[in-house]
Amino acid sequence: MTLRPLSSDDPNLRQAALRMRRTLWIWAALAAGMGLLSAAPAGGGTLVPAVGWFAAAALMALLQQPGLLALNAALWALSLLAWIPGVGAALGTDALTVLLQPGTFESLGLAVVRLLLAATAWNQFLFYRMLYGTGRAAGLDANLPPIPEVVRNLSDRLAKAALALGAAALAVASVSWTVTIPLRPTGVQAGVVLASFALGLGLGAAFSPTRRRGGALLGVGLAGIAIVVALAAGTTLPS
């Protein structure tokens, strides 16, 4: 049986779009808070990661795009990289760890909370991506009625941005090997931040209706390589 398409003026779809808008504002506030904590001297004063949080907050506050929830998930998940032994000096101190001075049990709790935040943002993305419309979507339930485009679909642009940012991240991470030791942490941090954005935007585009899925996945691949290169550069720093 052919399912009847929904209307773009369907009250449920409009209500879902409003909920997504509020959800993005909440995540933007959390990201801005993390940026403030990271930039503050009391939180470690790591400016490059702070810029990443502020940029994500601005995007989520200004753009009504489900794909940004995938970016948010990536940022929360990859924020745990700073806890990897041997690279913390390069990635900068974790603001919450500096402020709270947690023990082993509390640190584990903070890690679990971040993973839960990442999982929540990803699940929200998987739900709200339907507002892009289901015409070219991948991985959706075949029993769902066809959904029109409720929010403007910018997934092609997100895919282009992911590819560009992935290439930039790999370039910055590679260059960080050649700079002097005092400058290397900045290069490593910049490479990881750019890679985080490439990974999040790339996944957001790849799992949304887009004509540039290949480019989005290439950006994700470049981001993954850039993270490995940046972390490897970080391990060469004196502890």
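Structure: see above.
Residues numbered from 1 in each chain as written. Predicted model: local features only at pLDDT ≥ 70, side-chain atom pairs only at ≥ 80, totals over all residues. Heavy atoms only, no water.

1. Details of the overall build of the protein
Spelled out, the test is: Elements are defined by DSSP. Helices are runs of H or I of four residues or more, strands are runs of E of two residues or more, and each kind is numbered from the N terminus. Note on contacts: a residue pair is in contact if any heavy atoms of the two residues lie within 4.5 Å. Methods summary: accessible areas were calculated by the Shrake-Rupley approach with a probe of 1.4 Å, and residue burial reflects only the protein chains presented.
When you go through the protein residue by residue, the secondary structure sums to nine helices and zero strands. In sequence order, the protein lays out its α and β elements as α-α-α-α-α-α-α-α-α. Contacts spanning at least 24 positions in sequence make up 75% of the contacts within the protein whose residues lie at least 6 apart. Of the roughly 11,400 Å² of accessible surface on the protein, a fraction of 70% belongs to carbon and sulfur atoms.

2. Section: the packing of aromatic side chains
Applied cut-off: The aromatic pairing rule takes the rings of Phe, Tyr and Trp, using the six-membered ring of Trp, and pairs them if the centres are within 6.5 Å, calling planes under 30 degrees apart stacked, those over 60 edge-to-face and the rest tilted. Summary of the burial criterion: residues with accessible area below 20% of their type's maximum are buried, those above 50% are exposed, and those between are partly exposed, where the area comes from a 1.4 Å probe applied to protein chains only.
Throughout the structure, instances matching the rule amount to four aromatic pairs. The interplanar angle of 55 degrees and the centroid separation of 4.9 Å between the aromatic rings of Trp 53 and Trp 76 together place this pair among those described as tilted. You can see Trp 53 sitting in helix H2 (residues 47–62) and its partner Trp 76 sitting in helix H3 (residues 67–78), a full 23 residues away along the chain. Here the two residues Trp 53 and Trp 76 agree in accessibility, since each one is buried.

3. Some words on empty space enclosed by the protein
Stated precisely, the cut-off is as follows: Lining residues are defined by having an atom within 4 Å of a point belonging to a cavity or pocket. Those points lie on a 1 Å grid over the protein atoms alone, cavities being sets where a 1.4 Å probe fits but cannot get out and pockets being open sets with protein on both sides within 12 Å along at least five of seven lines. Grid points are joined across faces, edges and corners, and a volume is the space filled by probe spheres set on the points. Gly is placed with the polar residues, together with every amino acid not listed as nonpolar (Ala, Val, Leu, Ile, Met, Phe, Trp, Tyr, Cys and Pro) or charged (Asp, Glu, Lys and Arg).
Enumeration according to the criterion identifies one cavity of 30 Å³ or more in this entry. When its volume is computed, the largest cavity comes out at roughly 360 Å³. What lines the largest cavity is a set of 22 residues, and nearest its centre among them are Pro 49, Trp 53, Leu 78, Ser 79 and Val 193. Elements that contribute at least two residues to the lining of the largest cavity include exactly helix H1 (11–39), H2, H3 and helix H8 (184–206). Counting residues per element, the lining of the largest cavity draws most heavily on H8, which supplies five residues. Considering only residue class, the lining of the largest cavity consists of twelve nonpolar, eight polar and two charged.

4. Let's talk about the side chain of Asp 156
Applied cut-off: Polar contacts, as used here, are pairs of N or O atoms within 3.5 Å; protein pairs need one atom able to donate a hydrogen and one able to accept it. Residues neighboring in sequence count only if both atoms are side-chain atoms.
In this fold, Asp 156 is placed in helix H7 (residues 155–175). Residue Asp 156 is classed as buried on the basis of its relative accessible area, which comes to 13%. At a separation of 2.6 Å, a polar atom in the side chain of Asp 156 contacts the side chain of Thr 210. Polar contacts involving the side chain of Asp 156 include one to the side chain of Arg 211, which spans 2.8 Å. Discounting chain neighbours no more than four positions away, the residues touching Asp 156 are Thr 210, Arg 211 and Arg 212.

5. Brief notes about a nonpolar patch on the surface
Short version of the rule: Only residues above 30% relative accessible area that lack a salt bridge enter a patch, with like-charged residues linked at up to 9 Å and the nonpolar side chains Val, Leu, Ile, Met, Phe, Trp and Tyr linked at up to 5 Å. Between Lys or Arg on one side and Asp or Glu on the other, a salt bridge is scored when a side-chain nitrogen of the former is within 4 Å of a carboxyl oxygen of the latter.
A cluster of nonpolar side chains, namely Leu 108, Val 112 and Leu 116, defines an oily patch on the protein surface of about 290 Å² accessible area. The residue Val 112 is located in helix H6 (residues 104–128) in this model. Judged by its relative accessible area of 41%, Val 112 falls in the partly exposed class.

6. Some points on a positive patch on the surface
Our working rule: None of His or the chain ends enter the tally, which takes Lys and Arg as positive and Asp and Glu as negative. Taken as the charge location is NZ of Lys, CZ of Arg, CG of Asp or CD of Glu.
Among the surface-exposed residues, Arg 152, Arg 157, Lys 160 and Arg 212 lie close enough to one another that they form a single positively charged patch. Considering the arrangement of structural elements, one finds Lys 160 in helix H7.

7. Let's talk about the packing of H3 against H8
Just so we agree on the cut-off: Geometry is summarised by axes, namely lines fitted to C-alpha atoms with helices restricted to the contacting stretch, and by angles between N-to-C directions that run from 0 to 180 degrees. Just so you know how the angles are binned, under 35 degrees is roughly parallel, over 145 roughly antiparallel, 65 to 115 roughly perpendicular, and the rest oblique. The crossing is said to be left-handed when, going from far helix to near helix, the turn is anticlockwise and less than a right angle, and right-handed when the turn is clockwise.
Between H3 and H8, the least distance of the axes is 7 Å, while the angle of their chain directions is 140 degrees. Taken together, the axes of H3 and H8 lie oblique to each other. Judged by the sense of rotation from one axis to the other, the crossing of H3 with H8 is right-handed. Residue-level contacts link Gly 67, Leu 68, Ala 70, Leu 71, Ala 74, Leu 75 and Leu 78 of H3 to Ser 196, Phe 197, Leu 199, Gly 200, Leu 201, Leu 203 and Gly 204 of H8. Residue composition of the contact of H3 with H8, by class: ten nonpolar, four polar and no charged.

8. Observations concerning H2
What counts is decided by this rule: An expected span of 1.5 Å times one less than the residue number is assigned to each helix. Comment: arc refers to directions from the helix axis out to C-beta atoms.
With 16 residues, H2 ought to run about 22 Å at 1.5 Å a step, and its terminal C-alpha atoms sit 22 Å apart, in line with that. Listed as buried for H2 are Pro 49, Ala 50, Gly 52, Trp 53, Ala 56, Ala 57 and Met 60. An end-on view of H2 places all buried positions within 155 degrees of arc, on one side of the element. Set apart from the buried face of H2 by more than 90 degrees, the exposed residues are Leu 47, Val 51 and Leu 62.

As far as function goes, none of this settles anything; it's purely spatial.
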